[in-house]
Amino acid sequence: MGCGCRSDDTGSEAWVGSGLKFAVTMNCEGFDMDTDDWVITVTCGKKSVTFTSKNSVKDGGQWYICLDSSELGPGEAYITFEARVPDKDFKDGIRTEIRRYKLVNLRSPKIIANYL
């Protein structure tokens, strides 16, 4: 299973409170993001945000997740893809594929008022 995720920003850091948009692609033989079930979870420490086709955006042929980074807080954020791939060789007809990748380092903004 292959994964593609990229930020519209080319850096690997972002400020907590930023709205982040990532293009996501899940490739696996026999799997189609448009018709098969999938879940994307973005985690940072003990906090997480979950996406499915119902709360993600499709523009043209590309899927996107739109993340409010304030829901996670500072730290290293990871993205986990879970695809439910139709496969007749499995008892229930579904093979689960899971992949996890580092997504972005979320930094806490330093506000001048904090130092007054």
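Okay, so let's go over this structure. Computed from a predicted model, the values in this text were never measured in an experiment.

Quick look at the overall build of the protein chain now. If you tally the helices and strands in the protein chain, you get zero helices and nine strands. What you see in the protein chain, going N to C, is helices and strands ordered as β-β-β-β-β-β-β-β-β. A total of 116 residues make up the protein chain; the buried ones form 34% of that total. Long-range pairs, those at least 24 residues apart, make up 63% of the contacts in the protein chain with a sequence separation of at least 6. Of the roughly 7,300 Å² of accessible surface on the protein chain, 47% is carried by carbon and sulfur atoms.

Glancing now at the sheet that holds strand S4 (residues 38-44). Taken together, the five strands give an open sheet; going across it, the order is S2-S9-S8-S4-S5, and neighbouring strands pair in mixed fashion. Looking at which strands have only one partner, the edges of the open sheet turn out to be strand S2 (13-15) and strand S5 (47-51). Neighbour to neighbour, the strand axes of the sheet diverge by 30° on average, direction disregarded. As judged from the three bridges shared by S2 and strand S9 (residues 94-107), these two strands associate in the parallel manner. Directly across from Trp15, in S9, lies its bridge partner Arg107.

Turning next to the environment of Val49. Looking at where Val49 falls in the secondary structure, it is placed in strand S5. Taking the C-alpha atoms as reference points, Val49 and Ser69, 20 residues apart in sequence, are found 9.4 Å from one another. With residues near it in sequence (within four places) discarded, Val49 still touches Ile40, Thr41, Val42, Leu67, Glu71 and Leu72.

By size, the foremost hydrophobic cluster in this structure holds 27 residues, and its most contacted members are Ile40 and Val42. Elements with a contribution of two residues or more to this core: strand S3 (19-27), S4, S5, strand S7 (62-68), strand S8 (75-86) and S9. Residue contributions to this core peak at five residues, all from S8. Not counting the four nearest positions on each side in its chain, Val42 is found in contact with Lys47, Ser48, Val49, Phe51, Ile65, Leu67, Leu72, Ala77, Tyr78, Ile79 and Leu103.

To continue, consider the pattern of salt bridges. Taken as a whole and assessed by the stated rule, the structure comprises seven salt bridges. For Arg95, the salt bridge is made with Asp87, and the minimal N-O distance between the two is 2.4 Å. In this structure, Arg95 and Asp87 share a single accessibility class: buried. Linked by salt bridges that have partners in common, Asp87, Arg95, Glu97 and Arg99 make up one network.

Rules used in this analysis
Residues numbered from 1 in each chain as written. Predicted model: local features only at pLDDT ≥ 70, side-chain atom pairs only at ≥ 80, totals over all residues. Heavy atoms only, no water. Helix = DSSP H or I, 4+ residues; strand = E, 2+ residues; numbered from the N terminus. Buried < 20%, exposed > 50% of the residue type's maximum accessible area, 1.4 Å probe, protein only. Contact = heavy atoms within 4.5 Å. Areas by Shrake-Rupley, 256 points an atom, 1.4 Å probe, with all protein chains shown as cover. Pairing = 2+ DSSP bridges. Axes fitted to C-alpha atoms, helices over the stretch in contact; angles between N-to-C directions. Core = buried A, V, L, I, M, F, W, Y, C linked by side-chain atoms within 4.5 Å. Salt bridge = Lys/Arg side-chain N within 4 Å of Asp/Glu carboxyl O.

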